[in-house]
Amino acid sequence: MIFFTLQVTKAVKYRSDKRDVLTKLSSNIQNGHVVFHIEDNGLGIDLDKFGDKLFQMYKTFHKNKDALGVGLFITKNHIESLGGHIEVKSQVDVGTKFSIFLKAG
């Protein structure tokens, strides 16, 4: 799934200089959904400040010169077109966890 490639790339791109990069991929079944989890220990996103803008087009949350603000927008739309949804947990300077829910079967 392209989402995994995108998020692993972002985990490296938005890594913290304070620690080694750690990316964890896992999956499970919850309430009739296959759930894919992608977790990193990077810079994190301030969800109190940016949570309502997280999946909007052309929105960026860090000062990277090459950030376009389209990756999360496209990913969310793709997942929703498949009948799924995405959840995010993040803490600044701790990391981010994306959970993608797709209907099983």
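Residues numbered from 1 in each chain as written. Predicted model: local features only at pLDDT ≥ 70, side-chain atom pairs only at ≥ 80, totals over all residues. Heavy atoms only, no water.

Quick look at the confidence of the model for the protein
Reading predicted coordinates in detail is not appropriate for stretches of low pLDDT. Keep this limit in mind: How sure the predictor is of each residue is captured by pLDDT, a score from 0 to 100. Runs of H or I in DSSP of at least four residues are treated as helices and runs of E of at least two as strands, each being numbered from the N terminus.
Confidence in the prediction of the protein, expressed as mean pLDDT, is 83, and 78% of residues score 70 or more. Of all secondary-structure elements in the protein, the lowest mean pLDDT belongs to helix H1 (residues 2-13), at 66, while strand E3 (residues 85-91) reaches the highest, 95.

Section: the side chain of Ser 99
For clarity, the threshold we go by: Under the rule applied, a polar contact is a pair of N or O atoms within 3.5 Å (in protein, one hydrogen donor and one hydrogen acceptor; residues adjacent in sequence only if both atoms are side-chain atoms). Here, two residues are considered to be in contact whenever any of their heavy atoms come within 4.5 Å of each other.
Counting through the fold element by element, Ser 99 comes out in strand E4 (residues 95-103). At 2.8 Å, the side chain of Ser 99 and the side chain of His 37 are in polar contact. In this view, Ser 99 contacts Val 35, Phe 36, His 37, His 85, Ile 86 and Glu 87; residues no more than four positions away in its chain are not counted.

Regarding the pairing of strand E1 (residues 23-30)
What counts here: By the convention used here, strands pair only if DSSP detects at least 2 bridges between them.
Across eight bridges, the pairing between E1 and strand E2 (residues 33-40) is antiparallel. By the bridge assignment for E2, Gln 30 is matched with His 33. Two successive antiparallel strands, E1 and E2, enclose a turn made up of two residues, where Asn 31 displays a positive phi of approximately 45°.

What to know about the sheet that holds E1
Under the convention used in this document: To get an axis, fit a line to the C-alpha atoms, keeping to the stretch in contact for a helix; angles then go from 0 to 180 degrees between the N-to-C directions.
The strand order across the open sheet formed by four strands is E1-E2-E4-E3, and the pairing between neighbours is antiparallel. Sheet topology places E1 and E3 at the edges, where each strand pairs with a single neighbour. Taken pair by pair, the neighbouring strands of this sheet meet at an average axis angle of 15°, ignoring direction. Sheet analysis places E2 next to E4, joined by eight bridges and oriented antiparallel. Paired with Phe 36 across the strands is Ile 100, a residue of E4. Those strands touched by helix H3 (residues 71-81) are E3 and E4, and its axis lies near 25° from that of E4.

Looking at the nonpolar core
Definition in use: Only buried Ala, Val, Leu, Ile, Met, Phe, Trp, Tyr and Cys residues count toward a nonpolar core, and they belong to the same one when joined by side-chain atoms within 4.5 Å. To sort residues, take the accessible area from a 1.4 Å probe on protein chains only and compare it with the maximum for the residue type: under 20% means buried, over 50% means exposed, and anything in between is partly exposed.
Counting 12 residues, the largest nonpolar core consists of Ile 38, Ile 45, Phe 50, Leu 54, Phe 55, Leu 72, Ile 79, Ile 86, Val 88, Phe 98, Ile 100 and Leu 102. Listed by contribution, the elements that provide at least two residues to this core are H3, E3 and E4. The leading source of residues in this core is E4, at three residues.

Regarding unusual backbone geometry
Here Asn 31, not a glycine, exhibits a phi torsion of approximately 45°, which is positive. Relative to the elements of secondary structure, Asn 31 occurs in the loop between E1 and E2. For Asn 31, a relative accessible area of 77% corresponds to the exposed category. The phi torsion at Asp 93 lies on the positive side, around 65°, for a residue other than glycine. Among the structural elements, Asp 93 can be located in the loop between E3 and E4. Residue Asp 93 is classed as partly exposed on the basis of its relative accessible area, which comes to 29%.

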